[in-house]
Each structure stands twice: as structure tokens, then as C-alpha cells.
Amino acid sequence: MLRFEHDYTQLPEPLWRACEPAGVEAPALIAFNEALAAKLGAQDVPDDDTLARWFSGNEIPDGAYPIALGYAGHQFGNFVPQLGDGRALLLGEVVDAQGQRFDIQLKGSGRTPFSRGGDGRSPLGPVLREYLVSEFMAAAGVPTTRALAAVASNERVVRQLPEPGAVFTRVASSHVRVGTFQFAARHGEETTRALADYVIARHYPEARKQDDPYLALLACVTRRQAELVARWMSLGFIHGVMNTDNTSISGETIDYGPCAFMEQFDPRKVFSSIDEGGRYAFSNQPAVAQWNLARFAETLLPLMNVQGDEGVERAVEVIRGFEEHFEQTRQALRIAKLGLAEQAGETADMLMEELETLMHKGRMDMTATFDALTHYAIDFDETRRDALLALTQTPDALNDWLTRWGESELAESGARHAAMRRANPVIIPRNHRVKEAIDAAYEGDFTPFHTLLAVVSAPFNESTEARRLAAPATQSERVLRTFCGT
Ligand code: AMP
Ligand code: MG
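Since the model is a prediction, treat every value here as computed from it, not as a measurement.

**Student:** Tell me about the layout of surface pockets, and name the residues and values.
**Tutor:** For the second largest pocket, the calculated volume is near 440 Å³. For the lining of the second largest pocket, the elements supplying multiple residues, two or more each, are helix H1 (34–39), strand E7 (101–107), strand E10 (162–172), helix H5 (189–203) and helix H7 (213–234). Examining the composition of the lining of the second largest pocket, we find that four residues originate from one element, H7, more than from any other. A class-by-class count of the residues in the lining of the second largest pocket yields eight nonpolar, seven polar and nine charged.

What follows is the structure, encoded as C-alpha cells:
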């Protein structure tokens, strides 16, 4: 069905190890992403049972050669020299019609040489969560790994309690992380150079033409990370576990463990149960991404044209460039979210900062606020204005802001609503809805999962179902904590 290639195995062996999946009991297909499979050039898609065997690791599809990848990582600031794919296996890569290479990886397929004390398994909950959130991100235009398949097993995976097991199939532009470079650096300069050359060829061929290709590589990754984090934040996304091993060199969102979307706007918001110090709080994300890039730069320093203090200074300068890229992307997104004219950058920054303060003070739901503003922008109708004002505890202040916004450099009325709609989703995968879908699946009912998946995969579409599932959690439905799920 897929034509597998194995580019990564050209790299020296400490970076990967061949490993067979363990297989699961009674694999049953939960979901298969046909649209994504078609994009990857899949032909002759077999029946569900065959898909379930392939995407659980029970049977190795033709041409696949499973390997586990090595990586290290700073977890909450502490360096762990050996992490690696402890419960994941790369089946191989496929090249799409545009010539872009993608990794196809099983997650939860059993122990590997990198499993340490872990069981190599994944419970069903995190599998469904990653499926829903990563497909939402892709549909919302955020660079991300994708979901190709989810397969249930009838094995129990023991965490706090025994839970049903499952295997997830992830598609990524590659699985090279900052932590992969940290791992390579520990194996010496030649290994790091091989990895860097591989990454340049696969992701950033333009860096090869620069006079310092490895410094240029740092610049490319810095830019992608800056753009990524700006996009996350425009949707209220909190990654939750921005360790260097979860920071993709391609600039995709990777690792959907404890991530969640902010509901009431609060810059200090944290969901993850293990993020006690708030290291990965909403507003810390740009600074953390820069910190991670500094760890990446340390691995590249020996390869750069200039060594010593001057080499470090050059790298620092490049990483500082993060701020400019971040602000540029953020400003463009702010213009779109507020329906302003293209050149109204400074106004967008000013209005958005004011609105963020109002959302925070008025305890406003971020997604609902921008959705209501998008509606109000259609024709400045009084009823729609009231609907927006009903979302805040400080309506007078918001009303003043709305007047200033209405008198600012708005985009032309014909284009305004559509531009705002593309930047302001009707629906995000809210914690309580994801939980509801998972709870039902644990009872054997996958209907809520499929319903939610359908609407979050088209997040800018208005429909009765989307409206129902888009509503913010009531007090009793609110999910305040998320877990890594490992
Ligand atoms: P994560 O929290 O998903 O970023 O995982 C951090 C590290 O722990 C990675 O090296 C994973 O492969 C490993 N890991 C997480 N869960 C398991 C598990 N159930 N079995 C083996 N390794 C695991
Ligand atoms: Mg991870």
C-alpha cells in the first residue's frame, strides 16, 4: 500500500537500532486517515483487519523495516543522556507526490532497546487524544505531526489502573528532535556532522548553499520554531512538555501528551500535572523554545566555521532572531484574528494587547471571544454585539474596546469576515470534550470520538454539531489537569 524507503538507516548506528514490534492481542481498527494515506500515495488500501495488523505491529507491511531512534533530552531542564523511542518504531519513510519525505511511526507497539523501565505500550486515552488534537492542528494550519491510524488491542496497559491498550500511527516530516542532536553530540563530532548533513538535505537544503551551513541550519530551525510557537499561541495552545526531546527540528508540533487549549484567557495557564513550577506555562513558551534552541546550538558549535567565543556569539545572535520571527508571525496572525487591513500591524499589536488584558480580567473564553468577534464583524449587528458582551464580566470595558476596534483600520468589509473566520476557529478540541470521547471509548463506544474528530478536522465550518461541541465547559465539566499518559 505504502512504498517504504529507509533513508534514516544511512546514518551511523548509534542513532538507530533495528527492532521488531511485539504485536498486540486482537488488534481492531479504530480509525484510519484515508485522506492522509492518499496524500502519502497509498494505493490498494486493504481491508480493516489487514490495516489493524499492520498498524499495531502484528504484521510488518511489505517494504517496512522497523527501527527505534536514539535521542537524549533536557526534561524540565535536566539532561537525560539516553531517552530514545522507548515505545515507538519507525516503519520507514514514504515520499509524497510533491517529493516530500514523511516518517511512518508506530507508537505503543512494544518494548525497544530504548525502553528503560517502560512497557513500550500506550493506553487508549492518549492515542485518541493525540489523534484528535493533531488532526485539529493540521486542519487549523499549524505545522504538526499527523494521525494515520489508531488500533485498539484487548490487552490491559497498567498505569494508575489497568486501561485498554492501543497503538497510534504517527506521520511526521521527520522524528529528528533537538534531543537527537544532543544524543549524536555525545557520540562525537562525526556523528553530529552526519546527522546535521542529513537534516540539511532533508529539511533545509537552502542551508547547504550558505558559507556556514551549520549556522544557517540553526537559523532555519530558529525561524520555524518561532513561527510554530506564534501559531500555537494564537489558538491558546499550551504544549505542556516542551522538553528538548519534544522539539522537532522540522518545526512541527510533536508529542501531544499533556497539551491543552486555554479556555479562560490567562497568560500563566498550566494544565500538565507534572509541570509544577509552570516552566511550560502559556506565556513562557517563546522563552522556552529559545532555551531549547540554545541547547541545539551547543551541539552544532563544533561544526561551525568559527569556534570559541566568536562562534558562540554568532550562534547567540541567530537565536536572538527568534524574537523578530515570532513577532512577525504573531502580528500577521493578530491582523487576521482582528480583521484589520494588511498594513495595520501596529494597531493590531495595540488592540490585541488590550483585548488580552480584557479577556483576562473579564474571565473570557479565548476561542468563544474571537468566534463572537468574527460574527459581530459581519455587519456590526446589535444582537451580535450583545452576544460578545455576554462573554465578559467587564462589559463596559469591552464595549469601549469594541468602539475603538470598529473605528480602527479594519479590512474591507467584503474580505473581513472570511479572513477572520480562517484565523478564528469555530471549535477547538476542548479538554472536557476530549475526555468525554475517551470515557465513551473506554466503555466501547467510539461514536463520540468519531463525531468530535469530524468537527475538529474542519474547525472553521459552522454546523449544529460543531456549535454543540464548541461550547466552553460548564463549571462541573471543567478539566483542570492533564497527564502525559505514559
Ligand atoms: P514522552 O513523555 O512521551 O516525551 O516520553 C519521554 C521518554 O519516555 C521517551 O524516551 C519515551 O520513549 C519514553 N517512554 C514513555 N512512555 C514509555 C513506555 N510506556 N515504555 C517505554 N518508554 C516510554
Ligand atoms: Mg516525547
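Next comes the rest of the account.
**Student:** How would you summarise the packing of helix H10 (residues 345–361) against helix H13 (residues 395–406) if you had to cite specific residues and measurements?
**Tutor:** Between H10 and H13, the least distance of the axes is 10 Å, while the angle of their chain directions is 165°. Taken together, the axes of H10 and H13 lie roughly antiparallel to each other. Considering how the two elements wind past one another, H10 and H13 form a crossing that is left-handed. Residues Leu 351, Glu 354, Leu 355 and Leu 358 of H10 lie in contact with H13, whose contacting residues are Ala 397, Leu 398, Trp 401, Arg 404 and Trp 405. Looking at the contact of H10 with H13 residue by residue, the classes come out as seven nonpolar, no polar and two charged.

**Student:** Could you give an account of the site of ligand 1, with specific residues and numbers?
**Tutor:** Neighbouring ligand 1 are 18 residues, the closest being Gly 84, Gly 86, Arg 87, Gly 120 and Asp 255. The side chain of Arg 87 places a nitrogen or oxygen atom 2.7 Å from an oxygen atom of ligand 1. At 3.2 Å, a side-chain N or O of Arg 159 approaches a nitrogen atom of ligand 1. Coverage of ligand 1 by the protein amounts to 87% of the 480 Å² it exposes when considered alone. The class makeup of the residues in the shell around ligand 1 is two nonpolar, eight polar and eight charged.

**Student:** Which residues make up the coordination of the magnesium ion (ligand 2), and what values go with them?
**Tutor:** Ideal values for angles at a metal depend on the geometry: 109.5 degrees with four tetrahedral donors, 90 or 180 degrees with six octahedral donors. Those donors, Asn 246 (OD1) and Asp 255 (OD), are the protein atoms that reach the magnesium ion (ligand 2), and they lie 2.1 to 2.2 Å from it. Pair check on accessibility: Asn 246 and Asp 255 agree, each one buried.

**Student:** Account for unusual backbone geometry, with residues named and values stated.
**Tutor:** Here Asp 44, not a glycine, exhibits a phi torsion of approximately 50°, which is positive. Mapped onto the elements of the fold, Asp 44 is located in the loop between H1 and helix H2 (48–54). In this structure Asp 44 comes out as exposed when scored by relative accessible area, which is 72%. You will see that Phe 380, though not glycine, has its phi angle at about 55°, which is positive. Inspection of the secondary structure puts Phe 380 in the loop between helix H11 (366–379) and helix H12 (382–389).

**Student:** Residue-level account of the packing of aromatic side chains, with values.
**Tutor:** By the definition in use, this model includes 18 aromatic pairs. Ring geometry for Phe 380 against Trp 405: centres 5.8 Å apart, planes inclined by 55°, an arrangement best described as tilted. Placement of Phe 380 in the loop between H11 and H12 and of Trp 405 in helix H13 is noted, with a sequence separation of 25 residues between them. With relative accessibility at 33%, the residue Phe 380 sits in the partly exposed group. Looking at Trp 405, the relative accessible area reads 0%, which means it is buried. Joined through ring pairs, the aromatic side chains of Phe 136, Trp 232, Phe 237, Tyr 256 and Phe 261 make up one cluster. Lying across the ring of Trp 291, Arg 279 places its NZ or CZ 4.8 Å from the centre.

**Student:** Before we move on, can you summarise the domain arrangement of the protein with the specific residues and values?
**Tutor:** Per the domain assignment, the segments making up the protein are domain 1 (7–172) and domain 2 (335–423). Between the C-alpha centres of domain 1 and domain 2 there is a distance of 41 Å.

**Student:** Explain a negative patch on the surface residue by residue, including any values.
**Tutor:** There is a patch of like negative charges on the surface, built from Glu 34, Asp 47, Asp 48 and Asp 49. Within the fold, Asp 47 resides in the loop between H1 and H2.

**Student:** Explain the pairing of E10 residue by residue, including any values.
**Tutor:** Of all 11 residues in E10, 10 are buried; the element is thus mostly enclosed. Where E7 and E10 come together, five bridges link them in antiparallel fashion. Counted as the bridge partner of Leu 106 is Thr 169 from E10. Here two bridges tie strand E8 (residues 122–123) to E10, and the two strands are oriented antiparallel to one another. Its bridge partner lying in E10, Pro 123 is registered against Gly 165.

**Student:** Can you tell me about H10, naming the residues and giving the values?
**Tutor:** Its 17 residues give H10 an end-to-end C-alpha distance of 24 Å, which sits within 8% of 24 Å, the value for a rise of 1.5 Å per residue. Those residues of H10 that sit buried are Gly 345, Thr 347, Ala 348, Leu 351, Met 352, Leu 355, Leu 358 and Met 359. Taken end-on, H10 shows its buried residues confined to a sector of 140°, consistent with a single buried face. The exposed set on the far side of H10, more than 90 degrees from its buried face, consists of Glu 346 and Lys 361. The elements touched by buried residues of H10 are helix H9 (308–338), H11 and H13. Just beyond H10, the residue with positive phi is Arg 363, at close to 50°.

Criteria and thresholds
- Residues numbered from 1 in each chain as written.
- Chains lettered and ligands numbered in written order.
- Predicted model: local features only at pLDDT ≥ 70, side-chain atom pairs only at ≥ 80, totals over all residues.
- Heavy atoms only, no water.
- 1 Å grid on protein atoms, 1.4 Å probe; cavity = no way out; pocket = protein on both sides within 12 Å on 5 of 7 lines; lining within 4 Å.
- Points joined across faces, edges and corners; volume = space filled by probe spheres on them.
- Helix = DSSP H or I, 4+ residues; strand = E, 2+ residues; numbered from the N terminus.
- Nonpolar A, V, L, I, M, F, W, Y, C, P; charged D, E, K, R; others polar.
- Axes fitted to C-alpha atoms, helices over the stretch in contact; angles between N-to-C directions.
- Parallel < 35°, antiparallel > 145°, perpendicular 65-115°, else oblique.
- Left-handed = near helix turned anticlockwise from the far one by under 90°.
- Contact = heavy atoms within 4.5 Å.
- Near = heavy atom within 4 Å.
- Polar contact = N/O pair within 3.5 Å; in protein donor to acceptor, adjacent residues only side chain to side chain.
- Areas by Shrake-Rupley, 256 points an atom, 1.4 Å probe, with all protein chains shown as cover.
- Donors = N, O, S within 2.8 Å, 3.2 Å for Na, K, Ca; no water.
- Buried < 20%, exposed > 50% of the residue type's maximum accessible area, 1.4 Å probe, protein only.
- Phe/Tyr/Trp six-rings, centres within 6.5 Å; stacked < 30°, edge-to-face > 60°.
- Lys NZ or Arg CZ within 6 Å of the ring centre and 35° of its normal.
- Domains from an automatic or database assignment.
- Patch = residues over 30% accessible without salt bridge, like charges linked within 9 Å, V, L, I, M, F, W, Y side chains within 5 Å.
- Salt bridge = Lys/Arg side-chain N within 4 Å of Asp/Glu carboxyl O.
- Lys, Arg positive; Asp, Glu negative; His and termini not counted.
- Charge placed at Lys NZ, Arg CZ, Asp CG, Glu CD.
- Pairing = 2+ DSSP bridges.
- Expected span 1.5 Å × (residues − 1).
- Arc of directions from axis to C-beta.

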